[in-house]
Structure formats: C-alpha cells, structure tokens
Amino acid sequence: MSGAAPSLPALDRIEEEWLDPALIESVPVDWVRRHVLLPIRWNGQIAIVGAAETTLQAYEDLSLLLGVEPAWLTAPAAEIQRAIDRTYYQRSGHEPAAAAAEIPEPEAPLRRESDDLLAGSADAPVARCVNAILLEAVKRDASDIHLEPFANALTVRYRIDGLLYEQPPPPRHLESALIARLKVMARLDLAEKRLPQDGVARVRVGSRKIDVRVSSVPVAEGERIVLRLLHRESTHYGLDELGMAPAMLNSFRDILREPHGVVLVTGPTGSGKTTTLYAALGELDTAHLNVLTIEDPIEYQLPNIGQMQVHPKIGLTFARGLRHILRQDPDVVLVGETRDLETAEIVVRASLTGHLVFTTLHTNDALGAVMRMVDMGIPPYLLASAARAVLAQRLVRRLCPHCRRESTLSADDAARLGRETLAGRPVWDAAPEGCTACLGGYKGRTGIHELLTVTPAISEAIRTAAPTAELRRLARESGFYELLDDGTDKVLAGMTSVAEVLRSAGARRG
C-alpha cells in the first residue's frame, strides 16, 4: 500500500506545543521532508504524523528509529512541511560559539554541504559553524552580519533594527576556515586576499529562501567579511504599514495616480527607501499597467512586474538599462538609484515623455534632493517640469510596549526638536536593561517621513533656481511637515524615544 491507511486519525493543524526537537535528534531533515513525516507529542503520547502520500514503510521505519510504538496520524502535506521547518528551527538553537567550540584545531577540510541551514551535517564542523552564525542571524531578524578580524580576536556582530550588536566570538584560529567557507558559498576567489571581492550565496531555512550578499575587503589583520541577508519571500509592506501620518499618506497616494513625472525617495543607506518604493508599486494597477524596474540588486521579487538587474562588468548600467526599458512600452518605471548625470537626464526626459518614474537619491532631506539634481547638471527648467514629489525618510526603533517607561520631555530635548513649547510634556523612554521581548528597550522599527509636493509655486522657484531657504519657506506655506516634526509626533504618541529621533534625523538647525 503506497499511502497511509484511511482509518488513521486526521489533523487539520499541527499545534506548536506538539513539536518536540528532542524527538528528531537522530532523524535527518532531508529524510522527513522526503517522506513527509514527523514525530510529535500528541495527547500525552508520541505520535507520527504523515501525509496521504506517506508510505506505511516510512511510518514503520521511523517507529523503529524512535524505539517506541507511537500513534499514527495524518495531516495535510503543506502543514507537515511547515511543522518540520518549525521543529528543526528549534532544534538548531545552539549558539554559533558552541558550534565553533566543537571544531578541532586544525579544522577539518571544507566540503560542499546542503544549502539548507537546518540540515546541519555532523561531518562538516566548519560548515555547521557558518550555518549556526547565519541561522542565529535569521532568527534574530538581523539585516547584516559583520565578521571582523583583530589582532587577538575574531569579532561577530549582527545589525538588528539598524544597530550593531556583538555576539559571542568564534575562536581566533577558525578565521581562515570560516572565511574560506563563506568565499566558497559566494563563489569568490579563495586565493585572492589582497583585493576586495563581492559575491552572492543562496541558502534556505526550511522553505524560506535567502540571498546572502557577501563583501570581502582586506584589512590590517586579515579579511573583513560583511553579509547582507535578503529574504526573497519576505513579507512586502503596504504603504499604510510604513508609519506615514494619515494626511501624508493620502497626499502620497494622490501622487501615485499622476500619469507622469518624477517621484524621488531620499535618505541614507538602510533607511527603507526600497521598501517604500516596493510598497508604492504594490498600490498600482499592475494588471493594466506595464511596470518595469532596474535595480542593483533586485532585493525582492514582485508579482506582475518586470525587474532588471544591472551588471556594470558587462556594461549594463542604470543608464543603459533604462534606455532599453523605455523601448518596452512602460507606463511606470522604477530606477533603483540615480547616481550620475546620464541616468538623471534619462529619468527626467522619460517623465516628460509620459512615464511615471520612481527613483532614489542619497540626500539628507527632501529639499536637498532638488539641489542634488541641479548640481548633477539637470537644467532647473527641466526639473521644475518633471518633479512631482520628494519623499525623505529615516527609520527609528520602536519602544518595547512591555518595558517602556514614563519620562518627561526636557527643555534641552524640546529645543533640539525645535518644539520648545513641548518642554515638560509626558513622554515615554526606553528601559536601558530592556526585557525578554526586546533589545535594550526597543523592538522593531517604523519610519519618519517628510513629503515635499511640488506645487506651482515651488515649481516656479525651482525653475528660477531659487535658494534652498526660499524653497523651504514656500514648502512650509503649503503645509510641509519636516522629519523632526513627524518624529516628534511619534515621540508624543509613545511609539519611539527622543534619543531615537535625534539619532536618525539630527537636531533642528536654524
């Protein structure tokens, strides 16, 4: 009989409390995935749950391996696969430092292993140590991993919610083996240690696929490695989940309905610009519009949207790719970054020929984006005709709702926020020690934004090359809300702290 007996009790869902990592200590993850089979604790006893296609022989083999006579159950195959991922995710919870401690000196030679971080192999200790470092970073929602060699230590730090946190270090003698393993995963040149290198590794955590951008640079004490983790199936945020104030959100949505023009999103690296642009594209009617992007890199796959990856080494730059995209009859174009005059000129001219174009710039605020485009060489009269809006943003950490504490806004902090009249107002602050649910009093992040809508008066000021002070005056007259204003509102609402807003946006100037 190829399938499980129809008389077996059927489960619709496998509850979290039924999962026991101790039951699968000696069971390879590849085997249970292949047979769609998992041991669980159910109704006070050990049970094996399988899918309709699971063979009776597989049930018997697993029962023999467990050394007990378990109950046999059935469940949907997709539910079993999710339970397998969750169980092995829990089992792999040993710290990277503990995994490193298992490696003898000198270490065993590197071997090519499975790309699934949950499928640890007992005969590849260095690979297991790298997997543990990566898996722990994924568990803690880290965006980057830094491996930094110093004279007497190899430091590992995770970037979580925008800040770096040091982790228990692996032994210094493992440096060469760990770096070699990462280079093998990213297909970098193992022999080249004098020049910077970049590559991409692809790993899995169960069914979740993760791209790991690997950057290696030579430093005084060896090679410094930084890993950027990009979750290919990461949840895409909607515009209403980014933290925009309701009035600003409505204005931004109005801009998305424009038939043509340039929309600039500005901010430093890591400020969430790409997330905002993807959320904006998600609001478009992609079933009836041709939406094309050119990016470096493609961070997430978007449905119903054509995405192009730049390849400077073969001559596919933003400018060249954009020229070809404009021959694909697009309605909306996303340019990952405007870095030079050539790209900026094509962006502006594309908007003037009937396209809605989104792009990013690295400037400190919305008004700075206007000056940057002019400084690049875009004639003010062209920019005035093309520009529709500039959205500047930063990311601030959210206060942990479980341990935040009441505080009072000091006169000094009120002055730095530019809101002296708020001195003495009750606010919330982070508990420095934090709690079990957060890191140092913070958990997660939200955005603070400023949106410059190009009104006829502002367009005329851009055309006549008016100074920044004049642009700012006109913007404020039209209701322009600055980063610090939005940040202050979030402080008063108890979402974040004064320290976070000032760290991200800086103090009020002038």
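Scoring rules and cut-offs
- Along each chain, numbering runs from 1 in the same order as the chain's sequence is written.
- With the structure being a predicted model, the display of local features is reserved for residues of pLDDT at least 70 and the display and counting of side-chain atom pairs for 80 or more, all residues being used for whole-chain, interface and lining totals.
- Each side-chain value is derived from all of the structure's non-hydrogen atoms; neither hydrogens nor water enter the calculation.
- In this scheme, strands are said to pair when DSSP sees at least two bridges between them.
- Strands here are runs of E lasting at least two residues and helices are runs of H or I lasting at least four, both read from the DSSP assignment and numbered beginning at the N terminus.
- To get an axis, fit a line to the C-alpha atoms, keeping to the stretch in contact for a helix; angles then go from 0 to 180 degrees between the N-to-C directions.
- Here, two residues are considered to be in contact whenever any of their heavy atoms come within 4.5 Å of each other.
- For every residue, the accessible area obtained with a 1.4 Å probe (protein chains only) is divided by the maximum for its type, and the residue is called buried under 20%, exposed over 50%, and partly exposed between those limits.
- Taken from the helix axis, the directions to the C-beta atoms give the arc we talk about.
- Aromatic rings from Phe, Tyr and Trp, taking only the six-membered ring of Trp, are treated as a pair when their centres fall within 6.5 Å; an angle between ring planes under 30 degrees marks them as stacked, one over 60 as edge-to-face, and anything in between as tilted.
- By definition here, charges over rings are those cases where NZ of Lys or CZ of Arg is within 6 Å of the ring centre and within 35 degrees of the ring normal.

A.B. asks: Kindly report on the sheet that holds strand S1 (residues 37–42), identifying the contributing residues and their values.
C.D. replies: An order of S1-S2-S3 is seen for the three strands of this open sheet, with the pairing classed as mixed. Every other strand in the sheet has two partners, leaving S1 and strand S3 (71–74) as the edge strands with one partner each. Within this sheet the neighbouring strands show an average axis-to-axis angle of 35°, counted without direction. With six bridges joining them, S1 and strand S2 (residues 45–50) adopt antiparallel strand pairing. Bridge pairing in S2 places isoleucine 40 opposite alanine 47. Sitting on the sheet, helix H2 (residues 56–66) touches S1, S2 and S3, and the angle it makes with S2 is about 150°.

A.B. asks: Explain H2 to me, using residue names and the numbers behind them.
C.D. replies: Residues of H2 that are buried: Ala58, Tyr59, Leu62, Ser63 and Leu66. Projected down its long axis, H2 carries its buried residues within an arc of 135°, all on one side.

A.B. asks: Outline the pairing of strand S10 (residues 261–266), supporting the account with residue identities and numerical values.
C.D. replies: For S10, the tally of buried residues reaches six of six residues, placing the bulk of the element in the interior. Residues Gly261, Val263 and Val265 point to one face of S10 and Val262, Leu264 and Thr266 to the other, with burial holding for every one of them. Both S10 and strand S14 (residues 356–361) contribute to a ladder of six bridges, which runs parallel. Looking at S14, one finds that valine 262 is bridged to valine 357. As paired strands, S10 and strand S15 (residues 387–399) are joined by five bridges and run parallel to one another. Counterpart to valine 265 in the pairing with S15 is leucine 391.

A.B. asks: Describe the packing of aromatic side chains, naming the residues involved and giving the relevant values.
C.D. replies: Scanning the entire structure with this criterion turns up one aromatic pair. The ring of tyrosine 442 is capped by arginine 397, whose NZ or CZ atom sits 4.0 Å from the centre of that ring. Residue placement shows arginine 404 over the ring face of tryptophan 428; its charged tip is 4.1 Å from the ring centre.

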